[in-house]
Amino acid sequence: MKNYLVVLMLLVCSSTVNCQVAVKSKQLIGTVWKIVEPYYENVESRWTFSSKEITTTLHSPCFKGDVPSVRCTFYLSPKYQLQFDHSKAGTITSGCYLLTYNKKNKGFESWYIRSFDKNKGLMTLTTRRKVPKGAIGGDGEATLVLQRISPK
């Protein structure tokens, strides 16, 4: 019985450390994605991946042109990180965590890649976030579903 418990614990621990979905930065560089969930009527948010940055742009008929973009450096990691490693931004990496850093507001975000279907062009990301007091929204989990729009 004791051996059974030890084996069971090893299986549980090893399954939580390994990525379920591994993505390579080469699969993201040069692509444009739009957020399809959550859906906001008349607003489209696009993420454009370059070799070192993600540029987020909002498109809407309510705006005259595009809203100013937000740029974040990024890299992929096989495990959760508590802080952003600037030396990895712009390097070819792979993993199940998409780590982003916004230099302007010093914001760090760790997105878990729950699914990545290169054939359908869909990616699901989840993050845990702590929202500053007085900010819109609340603490908890945020999930985004992105659809690749370029290149098809």
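Coordinates for the structure precede this section.
Caption draft 1: How the structure looks around the overall build of the protein. Helix and strand content of the protein: one helix and ten strands. The N-to-C order of helical and strand elements in the protein reads α-β-β-β-β-β-β-β-β-β-β. Among the 152 residues that make up the protein, the fraction classed as buried is 34%. Summarising the internal contacts of the protein: among those between residues at least 6 apart in sequence, 39% fall at separations of at least 24.

Caption draft 2: Focus on the side chain of Thr127. By the secondary structure assignment, Thr127 is in strand S9 (residues 122-129). Separated by 2.9 Å, the side chain of Thr127 and the backbone oxygen of Ser110 make a polar contact. Thr127 has contacts with Glu109, Ser110, Trp111, Gly140, Glu141 and Ala142, leaving out every residue within four places of it along the chain.

Caption draft 3: The arrangement of the side chain of Thr126 in detail. Here Thr126 shows up in strand S9. Overall, Thr126 belongs to the buried group, its relative accessible area being 9%. Looking at Thr126, its side chain comes within polar contact range of the side chain of Arg114, at 3.3 Å. Side chain to side chain, Thr126 and Thr143 meet in a polar contact 3.3 Å long. Here Thr126 is in contact with Ser110, Trp111, Tyr112, Arg114, Glu141, Ala142 and Thr143, once residues within four sequence places are set aside.

Rules and cut-offs
Residues numbered from 1 in each chain as written. Predicted model: local features only at pLDDT ≥ 70, side-chain atom pairs only at ≥ 80, totals over all residues. Heavy atoms only, no water. Helix = DSSP H or I, 4+ residues; strand = E, 2+ residues; numbered from the N terminus. Buried < 20%, exposed > 50% of the residue type's maximum accessible area, 1.4 Å probe, protein only. Contact = heavy atoms within 4.5 Å. Polar contact = N/O pair within 3.5 Å; in protein donor to acceptor, adjacent residues only side chain to side chain.

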